[in-house]
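Chain residues, written in single-letter form:
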Amino acid sequence: MVGIGRGAESHILIKDAVALEQMRKVDTVVLDKTGTVTEGRPVVTGWLHDAGWQNEHKGILYAAELKSEHPLALAIVEALKKEGEKPALIDSFESRTGRGIVVTRGNKTFWAGSHRLLKDFGAGISDLLKGMVEDYEKSGKSLVYFGEGNTLRAFIAISDKIKDTSRQAVKQLKESGKYIVLLTGDGHLTAQNVAGEIDANRFISDALPVDKENVIKELQAEGRVVAMVGDGINDAPVLTRADIGIAMGALGSDAAIEAADIVLMDDDPSKIALARKISVHTLKIVKENIWFALIVKAVCLVLGALGIANMWIAIFADVGVMVLAVLNAIRALRVHDL
């Protein structure tokens, strides 16, 4: 109870004693990118259109992205709103998990999403555009592709600033011997850039929601005790699959918060290391109390068998053990112990 209370003081919601105890055993931390490593407030930083781009395309893109709850979609909606665009009327909408969205207007099909959707529609991309895409990705930006049928009409570059506390969190965790994995649905170059920025041991790119769960399974199969840190709706199954699920509380989805064992209420990833310290410190005190109680009771038993101790001494010793155990437990509240 004291350990969980100590976490609450630091805006770390530890849901139960099992989570508190397991946290100290974690040796691998998997970090979702958007909203966990980054601030989760992406903004559009660049547009590139092809020769067939028309004014109506922005309205169609606006209407499509309005129906999506993905952070990148919200960034595009905000950018179009600032430009004074109005959403066009669309006939149908389809969401493709981990890929993007597909809409129809009249007899035409439009789509917006990741490079996976680009491949689904067989849309080609010129060598010139490939070079520009790589430049954007190398700078850590996420890309959303927009197309009509099998033709790529535009791509949108979106930037999401890396939290300063993400670098601090990875540094603290690596100093304690933890293996850090960055997990994202973004492309290889974007993931590589962000992983380099935070100094992660490994990165996994182009991950669909089902892929993320498989990554956790593979790490566990290697004998690792895995903590998964995420914030989105799609992260909920992965948080459940990990040995310890950690959710971002301020901007995280309700599904992620419900599925997690630990919630960082202020979205500060550096609190992951603090949660581990609280776990280690609390279990150390638990063991001290157990050993102290066993030793005192063993001494009383021996003294009683020798006829030296009477009932009152045994009662006094038993009560004394409980009082001292409580006082020792309160040490978990002391900040300088952590």
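As shown above, the structure is provided for reference.
Residues numbered from 1 in each chain as written. Predicted model: local features only at pLDDT ≥ 70, side-chain atom pairs only at ≥ 80, totals over all residues. Heavy atoms only, no water.

Peer 1: Would you explain the overall build of the chain in this entry?
Peer 2: On a plain count of helices and strands, the chain comes out with 14 helices and 13 strands. Computed over its C-alpha atoms, the radius of gyration of the chain comes to 26 Å, more than 25% above the 20 Å expected for a compact globule of 338 residues. Overall, the C-alpha framework of the chain stretches about 100 × 35 × 30 Å when taken along its three principal axes. Of all 338 residues assigned to the chain, the portion counted as buried reaches 46%. For the chain, restricting intrachain contacts to residue pairs at least 6 apart in sequence, the fraction spanning at least 24 positions comes to 61%. In the chain, 40 side chains carry a positive charge and 44 a negative one; their mean positions are 3 Å apart. (Helix = DSSP H or I, 4+ residues; strand = E, 2+ residues; numbered from the N terminus. Rg over C-alpha atoms; globule rule 2.2 N^0.38 Å. Buried < 20%, exposed > 50% of the residue type's maximum accessible area, 1.4 Å probe, protein only. Contact = heavy atoms within 4.5 Å. Lys, Arg positive; Asp, Glu negative; His and termini not counted. Charge placed at Lys NZ, Arg CZ, Asp CG, Glu CD.)

Peer 1: Any chance you could explain unusual backbone geometry here in plain terms?
Peer 2: Most peptide bonds take the trans configuration, and most residues that are not glycine carry a negative phi. Unlike most non-glycine residues, aspartate 206 shows phi in positive territory, near 55°. You can see aspartate 206 is positioned in the loop between strand 10 (202-204) and helix 10 (209-221). Take aspartate 206: its relative accessible area is 21%, and that puts it in the partly exposed class. Even without glycine at this site, aspartate 267 takes up a positive phi of about 60°. Topologically, aspartate 267 is positioned in the loop between strand 13 (262-264) and helix 13 (271-305).

Peer 1: Can you help me understand the sheet that holds strand 2 (residues 28-32) in this one?
Peer 2: Each strand in a sheet pairs with its neighbour through backbone hydrogen bonds, running either in the same direction (parallel) or in the opposite one (antiparallel). The strand order 1-13-12-11-2-9-10 describes an open sheet built from 7 strands, whose pairing is mixed. In the strand order of this sheet, the two ends are held by strand 1 (12-14) and strand 10, each with one partner. With strand direction ignored, the average angle separating the axes of adjacent strands in the sheet is 20°. Note: strand 9 (residues 179-183) against strand 10, 3 bridges, orientation parallel. Looking at strand 10, one finds that valine 181 is bridged to arginine 202. (Pairing = 2+ DSSP bridges. Axes fitted to C-alpha atoms, helices over the stretch in contact; angles between N-to-C directions.)

Peer 1: Sorry, what's going on with the side chain of aspartate 160 here?
Peer 2: Its location among the elements puts aspartate 160 in the loop between strand 8 (151-159) and helix 8 (164-175). The buried charged residue aspartate 160 lacks any salt bridge, with lysine 33 as its nearest oppositely charged partner at 5.3 Å. Within the structure, aspartate 160 has its side chain in polar contact with the side chain of threonine 38 (distance 2.6 Å). Excluding residues within four positions of it along the chain, aspartate 160 makes contact with Thr34, Gly35, Thr38, Glu39, Gly40, Arg41 and Pro42. (Salt bridge = Lys/Arg side-chain N within 4 Å of Asp/Glu carboxyl O. Polar contact = N/O pair within 3.5 Å; in protein donor to acceptor, adjacent residues only side chain to side chain.)

Peer 1: Whenever I open this one, the environment of valine 37 confuses me. Can you help?
Peer 2: If you trace the backbone, valine 37 turns up in helix 3 (residues 33-37). As a C-alpha pair, valine 37 and alanine 195 span 158 residues in sequence and 9.6 Å in three-dimensional space. For valine 37, the residues in contact, after removing those within four places along its chain, are Leu31, Asp32, Ile162, Lys163, Ser166, Leu182, Val194 and Ile198.

Peer 1: It is not clear to me how helix 8 should be interpreted in this structure. Could you clarify?
Peer 2: Side chains three or four residues apart in an α-helix point the same way, a direct result of the helix having 3.6 residues per turn. The terminal C-alpha atoms of helix 8 lie 17 Å apart, and with 12 residues this matches the ideal 16 Å at 1.5 Å per residue to within 8%. All buried positions along helix 8 are accounted for by Ser166, Ala169, Val170 and Leu173. Viewed along the axis of helix 8, the buried residues span an arc of 95°, placing them on a single side of the element. In helix 8, those exposed residues whose orientation departs by more than 90 degrees from the buried face are Asp164, Lys171 and Glu175. Residues of helix 8 that are buried in the fold lie against strand 2, helix 3, strand 9, helix 9 (188-198) and helix 13. (Expected span 1.5 Å × (residues − 1). Arc of directions from axis to C-beta.)

Peer 1: Explain a nonpolar patch on the surface here, please?
Peer 2: A cluster of nonpolar side chains, contributed by Phe292, Met311, Ile315, Val319, Met322, Val323, Leu324, Val326, Leu327 and Ile330, occupies part of the molecular surface with about 900 Å² of accessible area. The element best represented in the nonpolar patch is helix 14 (residues 311-329), accounting for 8 residues. Secondary-structure assignment places phenylalanine 292 in helix 13. We classify phenylalanine 292 as partly exposed; its relative accessible area is 35%. (Patch = residues over 30% accessible without salt bridge, like charges linked within 9 Å, V, L, I, M, F, W, Y side chains within 5 Å. Areas by Shrake-Rupley, 256 points an atom, 1.4 Å probe, with all protein chains shown as cover.)

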